[in-house]
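Results of the structural survey
Below, each chain spelled out in residue letters.
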Amino acid sequence: MFMDAVFLARIQFAANITFHILFPSISIALGWALLFFRMKHLRAKDAQQKLDWLRAYRLWTKVFALTFALGVVSGVTMSFQFGTNWPGYMERVGNIAGPLLSYEVLTAFFLEAGFLGVMLFGHRRVGEMVHLGATFLVAFGTLMSAFWILALNSWMQTPAGYGIVDGQFHARSWLEIIFNPSFPYRLVHMVLASALTCAFLLIGISAWQLLKGVATTSASRVLRTGLVFAALVAPAQMVAGDFHGLNTLKHQPQKIAAMEGIWETTRGAPLLLFAIPDDAARTNRFELAVPKLASLILRHDTEGELKGLNEFPSAHPPVFAVFWCFRIMVGMGVLMLLVSWFGLWRHWRDGWDFAKMPRPVLWLFAGMTFAGWVATIAGWYVTEIGRQPFIVAGLIRTSDVASRVPSSSIALTLAIYVVVYLALLLAYVGVLKYMSETADKKLNAITTVSPSAGQQYQGRGEFA
């Protein structure tokens, strides 16, 4: 019964983190995209360009506010589960986890929550540079939020700078705790993942506006921006992922073994393109492999040795989930790279005019709107499932810190969470659709830009 409760508690936390990560994966990068839009708006000399960038800024500020709100709500719910489902976690590592979570609130949440109001409602009430500064502080706040959360999560993967007294963890060096061995790699990897997620959201919604005939030249500028961001970030993410993989191989070789489906320690390990890992039989079925490629990628040597899962009895993660989530993440990353590069090539071929873009290509863009979500969720599953059976790698097993709440109670709340989260997710997507299709109706007072309109714009500093 207790093990059933532990499994349900893990599923419940997985449901919460799955829903929550959707929103920071957008907002971390979207804040910086808004700063870019605002700077383009201020620097534009042509009145039409100013109007286009202002429209982009106003629409995507609303998207950011909606995303931020849902991220906060789901984050608060998730924090409560430390007490309800995992009380032993805070009892053991609260001296480390508590301050890091507090720093996130003090240095990041306050910036975002405070200056988001200026972004939303201050354009007519404060100066242009003050408004630009507020946008920067919100963007910086999202990055600081990622910094502190990933510092804690990375510490759980590669703990450092701690001491243990009477079973409780205490900080010996906050620098070692924060900048633990995996933190730099995971921070870069997550920030780039957010950039890709945000870029395809820009691409997809702008393409949807073009398809529905509600787009202005603002949508074309945003779509081009998204394509350029994605085309640049996708290869950078692959490089960052390679470095992250090498770091994981050094500190968590059992996770790499699960990702690659390697059961026995092997020299010249193949890269499995397809397989069905069988945990019970401790083997893979229906393998399709490229000889020696895994060793080449991970050891930079075709005869390099990779440790197998059998080297870690009772101390390695479930293989099937980690193996396939890793391939979903990589596959989606490659697809985003190809789509962004193809989109830029096609846009160049069409003379940088989206009016000439074939509708099937626009539908492809629209269909990729939430591609970043798929890759991000798969990547987080690799990270979190890959740490099992430990909650703090190598030190505290997950089952040792779970509460004794009856499994029936956990199952009930899990069902409620899933229903509420699905409803909120549908509502979120529905509101995005509504905003994208009605974004410019409130700006219809100025549908063309004449010289006099441009003068009025420059004088007032904003459009009504």
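Residues numbered from 1 in each chain as written. Predicted model: local features only at pLDDT ≥ 70, side-chain atom pairs only at ≥ 80, totals over all residues. Heavy atoms only, no water.

As annotated in an unreviewed UniProt entry, the chain carries the name Cytochrome ubiquinol oxidase subunit I and comes from Bradyrhizobium frederickii. In UniProt, the chain has this text filed under Sequence similarities (unreviewed entry): "Belongs to the cytochrome ubiquinol oxidase subunit 1 family." (UniProt positions renumbered as here; feature names shortened; annotations may be inferred.)

This part is about the pairing of strand β5 (residues 283-290). In terms of strand pairing, strand β4 (residues 271-278) meets β5 through 6 bridges, oriented antiparallel. What sits directly across from phenylalanine 274, in β5, is leucine 288. Between β4 and the antiparallel strand that follows it, β5, lie 4 residues; arginine 282 among them carries a positive phi value of about 55°. (Pairing = 2+ DSSP bridges. Helix = DSSP H or I, 4+ residues; strand = E, 2+ residues; numbered from the N terminus.)

In this structure the tally under the stated criterion is 2 cavities of 30 Å³ or more. Forming the walls of the second largest cavity are Gln252, Gln254, Ala315, Gly386, Arg387, Gln388, Pro389, Phe390 and Ala393. Grouping the constituent residues of the lining of the second largest cavity by class yields 4 nonpolar, 4 polar and 1 charged. (1 Å grid on protein atoms, 1.4 Å probe; cavity = no way out; pocket = protein on both sides within 12 Å on 5 of 7 lines; lining within 4 Å. Points joined across faces, edges and corners; volume = space filled by probe spheres on them. Nonpolar A, V, L, I, M, F, W, Y, C, P; charged D, E, K, R; others polar.)

It is worth spelling out the layout of surface pockets at this point. The method is simple in principle: a probe with the dimensions of a water molecule rolls over the atoms, and the space it marks as empty is what remains. Its boundaries defined by the atoms lining it, the largest pocket holds a volume of some 1400 Å³. In this structure, the largest pocket is lined by 48 residues; those nearest its centre are Phe13, Ile17, His20, Met78 and Ile149. In terms of residue count, helix α3 (residues 47-84) provides more of the lining of the largest pocket than any other element does, 9 residues in total. What lines the second largest pocket is a set of 47 residues, among which His189, Gly241, Phe326, Met329 and Val330 lie closest to the centre. Breaking the lining of the second largest pocket down by element, the ones donating at least two residues are α5 (128-157), α7 (183-211), α8 (217-251), α9 (253-260), β4, α10 (293-299), α11 (319-349) and α13 (371-385). In terms of residue count, α8 provides more of the lining of the second largest pocket than any other element does, 11 residues in total. In the lining of the second largest pocket, the residues fall into 23 nonpolar, 19 polar and 5 charged.

This model, assessed by the stated rule, comprises 9 salt bridges. Residue arginine 285 is joined to aspartate 278 by a salt bridge in which the shortest nitrogen-to-oxygen separation is 2.9 Å. Its relative accessible area of 39% is what places arginine 285 among the partly exposed residues. A salt bridge links aspartate 350 to arginine 346; the nearest nitrogen and oxygen atoms lie 3.3 Å apart. For the pair aspartate 350 and arginine 346, a shared accessibility class is recorded, and that class is buried. (Salt bridge = Lys/Arg side-chain N within 4 Å of Asp/Glu carboxyl O. Buried < 20%, exposed > 50% of the residue type's maximum accessible area, 1.4 Å probe, protein only.)

On to the side chain of arginine 387. For arginine 387, the position within the fold is in the loop between α13 and β7 (390-392). Residue class for arginine 387 comes out buried when judged on its relative accessible area of 7%. A distance of 3.0 Å separates the side chain of arginine 387 from the backbone oxygen of isoleucine 391, its partner in a polar contact. Look past the residues within four positions of arginine 387 in its chain and what remains in contact with it is Asn153, Met156, Gln157, Gln252, Lys255 and Ala393. (Polar contact = N/O pair within 3.5 Å; in protein donor to acceptor, adjacent residues only side chain to side chain. Contact = heavy atoms within 4.5 Å.)

With 4 bridges connecting them, strand β1 (residues 162-165) and strand β2 (residues 168-171) associate as antiparallel partners. By the bridge assignment for β2, isoleucine 164 is matched with phenylalanine 169.

Interaxial distance between α7 and helix α12 (residues 359-367) falls to 7 Å at its minimum, and their mutual angle equals 140°. In terms of axis orientation, α7 runs oblique to α12. For the crossing formed where α7 meets α12, the hand is left-handed. Judged by residue contacts, Ile203, Gly204, Ala207, Trp208, Leu210 and Leu211 of α7 engage Arg359, Leu362, Trp363, Phe365 and Ala366 from α12. Classifying every residue of the contact of α7 with α12 gives 9 nonpolar, 1 polar and 1 charged. (Axes fitted to C-alpha atoms, helices over the stretch in contact; angles between N-to-C directions. Parallel < 35°, antiparallel > 145°, perpendicular 65-115°, else oblique. Left-handed = near helix turned anticlockwise from the far one by under 90°.)

It is worth spelling out the packing of aromatic side chains at this point. Within this structure, the stated rule accounts for 27 aromatic pairs. Residues phenylalanine 19 and phenylalanine 23 carry aromatic rings whose centres are separated by 5.0 Å and whose planes lie at 75° to one another, so their mutual orientation is edge-to-face. As far as the burial class goes, phenylalanine 19 and phenylalanine 23 line up, both buried. Relative to phenylalanine 140, the ring of phenylalanine 136 lies with its centre 6.1 Å away and its plane at 20°, an arrangement referred to as stacked. With phenylalanine 136 and phenylalanine 140 both in helix α5 and 4 residues apart, the pair spans about one turn of that helix. Its relative accessible area of 37% is what places phenylalanine 136 among the partly exposed residues. With a relative accessible area of 32%, phenylalanine 140 lands in the partly exposed category. Taken together, Phe19, Phe23, Phe370, Trp373, Tyr417, Tyr421 and Tyr428 form an aromatic cluster joined through their ring pairs. Here arginine 327 stacks its cationic end above the ring of phenylalanine 323, 3.6 Å away from the centre of that ring. (Phe/Tyr/Trp six-rings, centres within 6.5 Å; stacked < 30°, edge-to-face > 60°. Lys NZ or Arg CZ within 6 Å of the ring centre and 35° of its normal.)

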